[in-house]
Amino acid sequence: MDSVFTVNCFQVSISVLFAFDYFYQLEDEVTFIWSRGDWSIGKALFVPTRYIPFIIIPLTLCSSLAANLDVHVSDFPPTVCAVLETVAIALSEVTFGLRAYAMWNRNRAVLVIYCCVAIAYVAVEVFVLQSVLPSVTFGEPPIAIIPGCYETGGSDIDFVSFVVIMVAEAVTTTLTVYRAYRHFRHTPNALVQNMTRDGVFYCVTMFSMSITNALFTLLLPVRLSTLLYLLATSPVLTDPIH
C-alpha cells in the first residue's frame, strides 16, 4: 500500500509541475512558435515533443488513480504510454542532436555518428517494447482501497533503453562541449552560448534521470520501478522553446 501511495504522489506532483511549467512558458511559446506562420524542422519537432505529455499524463493518472478499473483493460494505458514515451524521448534527442549538428556546421562525420546512434536507439526500443509489454501483468489489488491498475509483474529489461539514451546524451554533450570550448569560447555570441548551455543542461539532466530510472528498474520492486518514468518524458526540466 505504501509503495502504491508513493508512486501516485510522485505522478500527481510531476503532473502539477508539468502544468506549471507549461503555463509559465506559454507566453514565450506563443511569441516564438505560434505567432510565426511558417513551419520548419525545429517547429515540427517541438510541437509533438511539447504536447505528447498531454496524452501521457492523463493516461498515467487514469491508470494509477481510477477507481474500479477493469483488470482486463489495465494494460491499455501503459502500452500507449510506453510507445508515446519512446517517441517523446526520441524527438527530444533529435532536437538537441540537431543543435549539436548545427554547431558543427553540418559536419558529415557528426551526421554519421547521430545516424548510428539513431539506428541503435530504434533497434533497442523495438526489442524492449516487444519484450517488456507482453511481460507486464496486472491483478486484483490486495485491498479494495488501492486505486488504478495494480501491476503484479514485468520484465526489467527496459533498463537497456536508458543505457542507450545515456549513450545518446553523452554523444551530444561531448560534441557540444568540445565544439564550444575549441571554437566558441572567445566568441560573445548569445545564440551559441544559449545553444551550448541548454544542450548541456538538457543532456546532463536526462543523463541523471536515465541513470536513476535504470537503477530503479533493476533494484526496486515492480510497483516502484516506474517512479520517475513520467518525469523523463515531460519537458519540465528543460527549455524547449529557446
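All values derive from a computational prediction rather than experimental measurement. (Residues numbered from 1 in each chain as written. Predicted model: local features only at pLDDT ≥ 70, side-chain atom pairs only at ≥ 80, totals over all residues. Heavy atoms only, no water.)

Asks: Which residues make up the state of the cysteines, and what values go with them?
Replies: Inspection of the entire model under this criterion finds zero disulfides. Just so you know, C81 is unpaired, no disulfide at all, and the nearest cysteine sulfur is the one on C62, 9.5 Å from it. (Disulfide = S-S within 2.5 Å.)

Asks: Residue-level account of the environment of V110, with values.
Replies: Following the sequence through the fold, V110 ends up in helix α5 (residues 108–132). Put simply, V110 and A100 are 10 residues apart on the chain and 8.5 Å apart in space, counted from C-alpha to C-alpha. (Helix = DSSP H or I, 4+ residues; strand = E, 2+ residues; numbered from the N terminus.)

Asks: Break down α5 for me, with residues and values.
Replies: For α5, spanning 25 residues, the distance from its first C-alpha to its last is 36 Å, which sits close to the expected 36 Å at 1.5 Å a residue. Listing the buried residues of α5 in full gives V110, Y114, V117, Y121, V124, E125, V128 and V132. One side-chain oxygen of the residue at the start of α5 lies 2.8 Å from the amide nitrogen of A109, identifying that residue as N107. (Expected span 1.5 Å × (residues − 1). Buried < 20%, exposed > 50% of the residue type's maximum accessible area, 1.4 Å probe, protein only. Polar contact = N/O pair within 3.5 Å; in protein donor to acceptor, adjacent residues only side chain to side chain.)

Asks: Let's hear about the packing of aromatic side chains: which residues, and what values?
Replies: Evaluation of the coordinates by the stated rule reveals seven aromatic pairs. Ring geometry for F18 versus F54: centroids 5.1 Å apart, planes at 70 degrees, classification edge-to-face. With F18 in helix α1 (residues 2–34) and F54 in helix α3 (residues 53–65), the pair connects residues that are 36 residues apart, well separated along the chain. Classification of F54 by relative accessible area gives partly exposed; the value is 36%. An aromatic cluster is defined as three or more aromatic residues linked by ring pairs; in this entry it consists of F18, Y22, F23, Y51 and F54. Of note, K43 hangs over the ring of W39, and the distance from its end group to the ring centre comes to 4.7 Å. Positioned above the aromatic ring of W104, the side-chain terminus of R179 is 5.0 Å from the ring centre. (Phe/Tyr/Trp six-rings, centres within 6.5 Å; stacked < 30°, edge-to-face > 60°. Lys NZ or Arg CZ within 6 Å of the ring centre and 35° of its normal.)

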